[in-house]
Amino acid sequence: MNRIASKFAELHSAGRKGFIPFVSAGDPNLDTSLEIVLALADLGADIIELGVPFSDPMADGPTIQASSMRALANGVRLEDVIEMSRRFREKSDVPIVLFSYLNPLHRYGLERLARHAAAAGIDGVLVTDAVDEEAAEIGSLLRANGLDLISLIAPTTSDERLAKIAANASGFLYAVSRAGVTGARSETSSSAEELVRRSRKFTDLPVAVGFGISTRQQIEEVWEYADAAVVGSAIVAEIERSIPLGNVPERIRTFVGSLLPEVANAGTEN
Amino acid sequence: MSKYEPDERGYWGEFGGRFVPETLVAPLDELTAGYFALRSDEEFNREFNYYLRDFAGRPTPLYFAERLTEKLGGARIFLKREDLTHTGAHKINNAIGQILLARRMGKTRIIAETGAGQHGVATATVCARFGLECVIYMGTEDIRRQELNVFRMRMLGAEVRGVDSGSRTLKDAINESLRDWVTNVSNTYYLLGSALGPHPYPLMVRDFQSVIGREAREQFLAREGSLPDALVACVGGGSNAIGLFHAFLEDNVRMIGVEAGGSGDELGMHAARFAAGGHIGILQGTKSYVLQDAAGQVAATHSISAGLDYASIGPEHSYLRSIGRVEYASASDDEAFAAFKELSATEGIIPALETAHGIAHAIRIAPTLPREATMIVNLSGRGDKDLMSVAEYENGRAER
Ligand SMILES: Cc1ncc(COP(=O)(O)O)c(C=O)c1O
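Description of the structure in this document. (Residues numbered from 1 in each chain as written. Chains lettered and ligands numbered in written order. Predicted model: local features only at pLDDT ≥ 70, side-chain atom pairs only at ≥ 80, totals over all residues. Heavy atoms only, no water.)

**Description of the site of the ligand**
All names here are of chain B.
1) Next: Lining the immediate environment of the ligand, one finds 19 residues, of which Ser-194, Gly-236, Gly-238, Ser-239 and Ser-380 sit closest.
2) Next: Measuring from an oxygen atom of the ligand, one finds a side-chain N or O atom of His-90 at 3.0 Å.
3) Next: For the ligand, the protein covers 98% of the area, taking 390 Å² as the surface of the free molecule. (Near = heavy atom within 4 Å. Polar contact = N/O pair within 3.5 Å; in protein donor to acceptor, adjacent residues only side chain to side chain. Areas by Shrake-Rupley, 256 points an atom, 1.4 Å probe, with all protein chains shown as cover.)

**Some remarks on the nonpolar core**
1) Next: Among the nonpolar cores identified, the biggest contains 100 residues, and Ile96(B), Ile99(B), Met153(B), Tyr189(B) and Ile376(B) are the most heavily contacted of them.
2) Next: Considering each element in turn, this core owes the most residues, seven residues, to helix α4 (residues 91-104) of chain B.
3) Next: Setting aside chain neighbours within four positions, we find Met153(B) in contact with Thr114(B), Gly117(B), Gly120(B), Val121(B), Ala124(B), Ile136(B), Met138(B), Ala158(B) and Val160(B).
4) Next: If you look at the next biggest cluster of nonpolar residues, it comprises 73 residues, including Ile48(A), Ala71(A), Ile165(A) and Val222(A). (Core = buried A, V, L, I, M, F, W, Y, C linked by side-chain atoms within 4.5 Å. Buried < 20%, exposed > 50% of the residue type's maximum accessible area, 1.4 Å probe, protein only. Helix = DSSP H or I, 4+ residues; strand = E, 2+ residues; numbered from the N terminus. Contact = heavy atoms within 4.5 Å.)

**Structural notes on empty space enclosed by the protein**
Residues and elements named next belong to chain B.
1) Next: Counted according to the given criterion, the structure contains seven cavities of 30 Å³ or more.
2) Next: Volume-wise, the largest cavity comes out at about 300 Å³.
3) Next: As for the largest cavity, its lining consists of 29 residues, of which His-90, Lys-91, Ala-116, Gly-307 and Glu-354 are closest to the centre.
4) Next: Every element with two or more residues in the lining of the largest cavity is listed here: β5 (109-114), α5 (118-130), α8 (170-183), α11 (239-245) and α14 (353-365).
5) Next: Among the residues forming the lining of the largest cavity, the class breakdown is eight nonpolar, 17 polar and four charged.
6) Next: Space inside the second largest cavity adds up to approximately 130 Å³. (1 Å grid on protein atoms, 1.4 Å probe; cavity = no way out; pocket = protein on both sides within 12 Å on 5 of 7 lines; lining within 4 Å. Points joined across faces, edges and corners; volume = space filled by probe spheres on them. Nonpolar A, V, L, I, M, F, W, Y, C, P; charged D, E, K, R; others polar.)

**Here we look at the state of the cysteines**
1) Next: The tally for this structure, following the rule as stated, stands at zero disulfides over all chains.
2) Next: With no disulfide partner, Cys134(B) has as its closest neighbouring cysteine sulfur the one in Cys127(B), 3.7 Å distant. (Disulfide = S-S within 2.5 Å.)

**As for helix α8 (residues 159-168) of chain A**
1) Next: Buried within α8(A) are the following residues: Arg161(A), Leu162(A), Ile165(A) and Ala166(A). Around the axis of α8(A), the buried residues are gathered within 135° of arc, so they sit on the same side. When the buried face of α8(A) is taken as reference, the exposed residues oriented beyond 90 degrees from it are Glu160(A) and Ala167(A).
2) Next: Check the buried side of α8(A) and you find it contacts β5 (148-153), β6 (173-176) and α9 (191-200) of chain A together with α1 (25-39) of chain B. (Arc of directions from axis to C-beta.)

If you want it as structure tokens, here you go:
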């Protein structure tokens, strides 16, 4: 069992739901970014999603676009993200999923990526713009190296497609809560619950819900019907606000702690 | 099936496909089904041809550029006059085709990107004609250099939204259009303006633009009793070029696409995707050549013409190059500028700066060809929109 599968098994047997924070790797710089994810792990993050910065993040709203640009301005490349993951892995067992657009992975070489990611202790890769039909090659290369290709499903995904995606999926399914780009919202759309319910007909894999989740209340709502909640833009926005104030990892620790007090408690038990 | 048709996933060889967020798969499936249901539908094609003729002013003339030919002393140059269509560029052909499709699909809100503003104007025009809400995304750098077209779009009732991200040009306008579409999938139709993007756009745009080559082929045959030796067209995303080339692909006719050579060979100074720095990659829904750095980040581009200033190229062009069917060359800012002036002064036709890249290449090769040789250059658009840019460029050069 890889780290993602054992994490969900552990959550399941503890009767808990998962918390999955997202940050853009290398924002505001690689060292601080590493400290941030270590703080998130320490707070009780169940899986960490690390965004690979890309020049043209067409599925992202302004918050994650800006964080991607901050990382790129520092020259952060895929190999740096892999190295950052390796350093993280020296200190933590929390699973890591890379969240990327296809082009930087393609340029790096998919086979090389799969090998290097496995060696660095990365557990899965989610490719925003590689839908099922286009993901066969990267999926088999990742699996051959013991990694999961995390698949996205959306409210617009038909049942027929859900069945196909579920059949090719591993790790967990990432359900996009609503039609749209990434970005914090104060409410989670009801389409998310409906989507998770539909997906259960086709798979026993855990389902995480993301896009727009930014409050403790929203996380609790998602936990009612899904296995994990992903929080991205809200944390990334807090990183952006913290940069001029300094001591970003501590500020993120406080912010995420307030977003998720139970998780903070759960974290100290580990 | 012809080797010039993509497979059912939208691939020409290894190029094309559909690389989009999952949310867009369903609307793209809907679009593909909608388009294929109409592609050979008689009633739809009758309607399309009616608007091409009576609204856009087709067929456009195939004009013999007599003075330019004489001056160059080589191959005879013919101009396919897309600049004479309503709104002044080939972009109207595709805009009409897609708006008729959007109406049949029951969409009420139209969005589009634009670079030079010609596609934005064409889209705003057909939206005005059919009374549909219209939002145009345009990079703020392009808004600056194509101001006249911004006024035209607003006059036509469109909302022009400036895009301030990235290089503030065509690529960034496409990103923003995709973000709008993914957010408003249910009522919104994305009217993409070039032979780019996820399947079925490259195919559909090519189909709607292929009227250019069908007419030109017929006109040339009627006039000369033979086929031309060569075709030349500028290539941004690739719609005017593939529109001219498509009807000739099975013929023994040489074809040359001309990219923007910009102001230098270094990455960032040009938009020649097939030159150094261009690698196969994935951008904005399709797999094709992409100007990028070693880390897979999309490179900044530069061209004197907003419409060619784009880091990727339509997938069918990458395929036609890979099988050796079409050659690609580039023309620099300076050469395009010189060609712009040359065609204006010699033929009384002011071309768009995009088009001037094709003219520049024709000027370069015509003298090397025999006098019996013939070529058709796609005069993709008129240059009124560019007069300010050209004046700026001229001043800039005077200062250097
Ligand atoms: C007159 C004209 N020609 C050419 C182009 C380049 O586009 P494409 O390569 O799709 O023909 C444009 C784009 O704006 C244009 O306005």
